[in-house]
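Results of the structural survey
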Amino acid sequence: MEDNKNAWWSRQIVAADIYDCFSLKAASKTGYEAVYLSADAVAECVCGLPDTEQMSAEELLWAAKRVFAFSEVPVIADIRIGLGNSTESAARLAGRMAKAGAKAVWINDVLSDKEERMIKSEEWKRRVWKVHEAIAMYPCILICTTGTRTQGMEHAMERCSQAASCGADIVGIEGMDLAEEARRLSEAVKAPKVWTEWNADHVTVQELEDLGFSLVMDCHSVKGALEGMQLFGERTMADGNTVYHDEHDYDGMLPTRSYYDLFEFYKEWIPLERGFMETAGKVVKG
Amino acid sequence: MKTMILKDMLAKEQLLVPCIYDCASAKMAENTGYQAVMLSGASISYAMDGLPDMAMATIDELVFAAEHITNCVKIPLLIDGDDGYGESPAVVYRNVKRLIQAGSQAITIEDSTGVRGFERRIAAKNTPGADPFKDSLVSKEVWLAKIRAGAEACEGTDCMIIARTNCYPVLGLDEAIDRCAKAREMGAQMTLICSGGLKHVEDARIAAERDKGWKVWPDIVSENGVPNITLEEVEPYGFNMVTCHVFEKGAIYGMMRRGKHNREEAHKGKCEKE
């Protein structure tokens, strides 16, 4: 089961954030070879919550299981600190994500974004190890990132080293935006690395690859979806009809004007249904 | 957070109601000025499940979505309740109760069977010579019993049943109008003729002659830049609600636009910031 667990990131991957099957389809159609199910985005868009601290593990799993079942590209499950305070609950959630089809589980050490509270170092190491154990039987890798950059790069880099020594396949520091920081991390930590929020104006993905960043997270879907919905919603409200929507050609990005043509479900599901009926018809006729 | 009452709003004015599928689309509808939203069964299948609109979504998925949406917007939520998610009127009664508990203020119940869904029409359109995949229907009696079950489940609440018939392709407009009129006797407070039964304003006039009361115009659309109706011309015939689909395509367009830009800029070290 573990044979090919590393194949999909054997070269650098830029992964888009997603939160449902629309965002998944948009990302794969745009050319992304992997995606990450963003806990923040699921909380905001699916659950209508201001942050992940109010979201339950079951709510995240609800979205995750459906996305995993639909996806044709590897999906990374971002579970933050585990959506619970205990290491055991984090490990259980990670294991359930891996069992459901996540190709990677991504955890961090941030107890509260608002209060910038992190779990203690000893607990961090234990949590990484427990999560590593929980997913070990599945074709799933472990990504561990730290939110301790505000406490200094030395401290954050130490957290990365701890995670790598406890079973993390990929490590990273959240909130980095300078090439110099990328170089420091690269020199200090030899394990494969992740660049968590690719919004840097000064770092190319090639530079990041040269510095050992196997994964680059590109977070754009929520803002993109909101922008597009605002545009279409406002125009339809102002016009009192759907002409703008119906005539819009996706700026040429797609050969269709219908969103459902993007999926072409009928090509798979209608023949499947028809096949069942035809088989039954033959038996009835004898 | 006090939610507005849909029935009060409809008594005052016609509403253009967009279909939505999650909290983000509901919130954006509210922010862009819409006064109510409709949870689309097709869009739930596509967005939440990655599945076709072929009756694959479940009542639990509707309840999940409805609960979360009504917790984050204060405009009323209507629900595309398909066939009531059950063959028996008793099951429909329970399911309507659950959707009301989740915060819904209107639920459509249609006369389709489990062999239903927009995917069949997409297939017919894209497959030359294919079967028409006509909507299959339950008997008029069974449908009306479901409407009665839904109406009783709504008693004492702000929620109402919208009787939706898909019978037009099989039985014609006269039968569709007759079904709607009888559904009102069962307690439905609005009616909806789908599946191509209403195309132009003349159809609105014909429907209004025998089906008196509030009606929904199903999904205003356009062809070659010309809308099939205007909101103003159907309103006098009792169509005080007109639905539309715009947020699905808007979201996909917006995400692809940003994603494409970022991919093009990936090796230049620039991207649009979140």
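Let us look at the structure shown here. These numbers were taken from a predicted model, which means no experiment stands behind them.

**Regarding empty space enclosed by the protein**
Taken as a whole and assessed by the stated rule, the structure comprises four cavities of 30 Å³ or more. In this structure, the largest cavity is lined by 16 residues; those nearest its centre are Asp20 and Val46 of chain A together with Tyr21, Asp22 and Met48 of chain B. At the level of secondary structure, the elements contributing two or more residues to the lining of the largest cavity comprise α3 (57-70) of chain A together with α3 (41-49) and α4 (59-72) of chain B. Here the lining of the largest cavity is built from residues that sort into 12 nonpolar, one polar and three charged. When its volume is computed, the second largest cavity comes out at roughly 70 Å³. Together, Leu24, Lys25, Ser28, Phe70, Ser71, Glu72 and Val73 of chain A line the second largest cavity. Ranked by residue count, the leading element in the lining of the second largest cavity is helix α1 (residues 21-30) of chain A, at three residues. A breakdown of the residues in the lining of the second largest cavity according to their chemical character gives three nonpolar, two polar and two charged.

**Digging into the packing of aromatic side chains**
In total, this model carries 18 aromatic pairs over all chains according to the counting rule given. Considering the side-chain rings of tyrosine 259 of chain A and tyrosine 46 of chain B, the 5.8 Å spacing of their centres and the 75° angle between planes classify their relative orientation as edge-to-face. Taken together, the positions of tyrosine 259 of chain A in the loop between α10 (243-247) and α11 (266-285) and tyrosine 46 of chain B in helix α3 put the pair across two chains. On the accessibility criterion, tyrosine 259 of chain A (9% relative accessible area) is buried. Owing to a relative accessible area of 2%, tyrosine 46 of chain B belongs among the buried residues under this scheme. Judged by centre distance (4.9 Å) and plane angle (75°), the rings of phenylalanine 263 of chain A and tyrosine 46 of chain B are edge-to-face. One end of the pair, phenylalanine 263 of chain A, is in the loop between α10 and α11; the other, tyrosine 46 of chain B, is in helix α3, on a second chain. On the accessibility criterion, phenylalanine 263 of chain A (7% relative accessible area) is buried. Among the aromatic residues, ring-to-ring pairing joins Phe22, Phe70, Tyr259, Tyr260, Phe263 and Phe265 of chain A together with Tyr21, Tyr46 and Phe118 of chain B into one connected group. The positively charged end of arginine 116 of chain B is found above the aromatic ring belonging to tyrosine 85 of chain B, 5.9 Å away from the centroid.

**Regarding the sheet that holds strand β6 (residues 190-193) of chain B**
Residue and element names in this part refer to chain B. Pairing is parallel in the closed barrel, where eight strands are placed in the order β1-β2-β3-β4-β5-β6-β7-β10. Across the sheet, the mean angle separating the axes of adjacent strands is 30° when strand polarity is ignored. Two elements, strand β2 (residues 37-39) and strand β3 (residues 77-80), share three bridges in a ladder whose sense is parallel. Bridge pairing in β3 links leucine 39 to isoleucine 79. Sitting on the sheet, α4 is in contact with β1 (15-20), β2 and β3, with an inclination near 165° to β3.

**Looking at the interface of chain B and chain A**
Buried accessible area, meaning the area lost when the parts come together, often serves as the stated size of an interface. Contacts between chain B and chain A engage 71 residues on the former and 71 residues on the latter. Of the roughly 6700 Å² buried between chain B and chain A on both sides combined, carbon and sulfur atoms contribute 68%. When residues of chain B are sorted by the area they lose upon contact with chain A, Lys249, Tyr253 and Met256 of chain B head the list and together hold 12% of the total. Where chain B touches chain A, the interface holds five salt bridges. Among the ionic pairs, aspartate 49 of chain B bridges to arginine 66 of chain A, the shortest N-O distance being 3.0 Å. One can count 24 residue pairs in polar contact (both at pLDDT 80 or more) joining chain B with chain A. Listing elements by their share of the side of chain B that touches chain A, those giving two or more residues are α2 (23-31), α3, α4, α6 (118-126), β9 (226-227) and α11 (247-265) of chain B.

**Thoughts on the pairing of strand β1 (residues 13-18) of chain A**
Residues and elements named next belong to chain A. Counting buried positions along β1 gives six out of six residues, so the element sits mostly inside the fold. Taking every second residue as pointing to the same face, both faces of β1 are buried, with Ile13, Ala15 and Asp17 on one and Val14, Ala16 and Ile18 on the other. Pairing between β1 and strand β10 (residues 213-218): four bridges, direction parallel. Looking at β10, one finds that alanine 15 is bridged to methionine 217.

The rules behind these values
- Residues numbered from 1 in each chain as written.
- Chains lettered and ligands numbered in written order.
- Predicted model: local features only at pLDDT ≥ 70, side-chain atom pairs only at ≥ 80, totals over all residues.
- Heavy atoms only, no water.
- 1 Å grid on protein atoms, 1.4 Å probe; cavity = no way out; pocket = protein on both sides within 12 Å on 5 of 7 lines; lining within 4 Å.
- Points joined across faces, edges and corners; volume = space filled by probe spheres on them.
- Helix = DSSP H or I, 4+ residues; strand = E, 2+ residues; numbered from the N terminus.
- Nonpolar A, V, L, I, M, F, W, Y, C, P; charged D, E, K, R; others polar.
- Phe/Tyr/Trp six-rings, centres within 6.5 Å; stacked < 30°, edge-to-face > 60°.
- Buried < 20%, exposed > 50% of the residue type's maximum accessible area, 1.4 Å probe, protein only.
- Lys NZ or Arg CZ within 6 Å of the ring centre and 35° of its normal.
- Pairing = 2+ DSSP bridges.
- Axes fitted to C-alpha atoms, helices over the stretch in contact; angles between N-to-C directions.
- Contact = heavy atoms within 4.5 Å.
- Buried area = accessible area lost by both parts, 1.4 Å probe.
- Salt bridge = Lys/Arg side-chain N within 4 Å of Asp/Glu carboxyl O.
- Polar contact = N/O pair within 3.5 Å; in protein donor to acceptor, adjacent residues only side chain to side chain.

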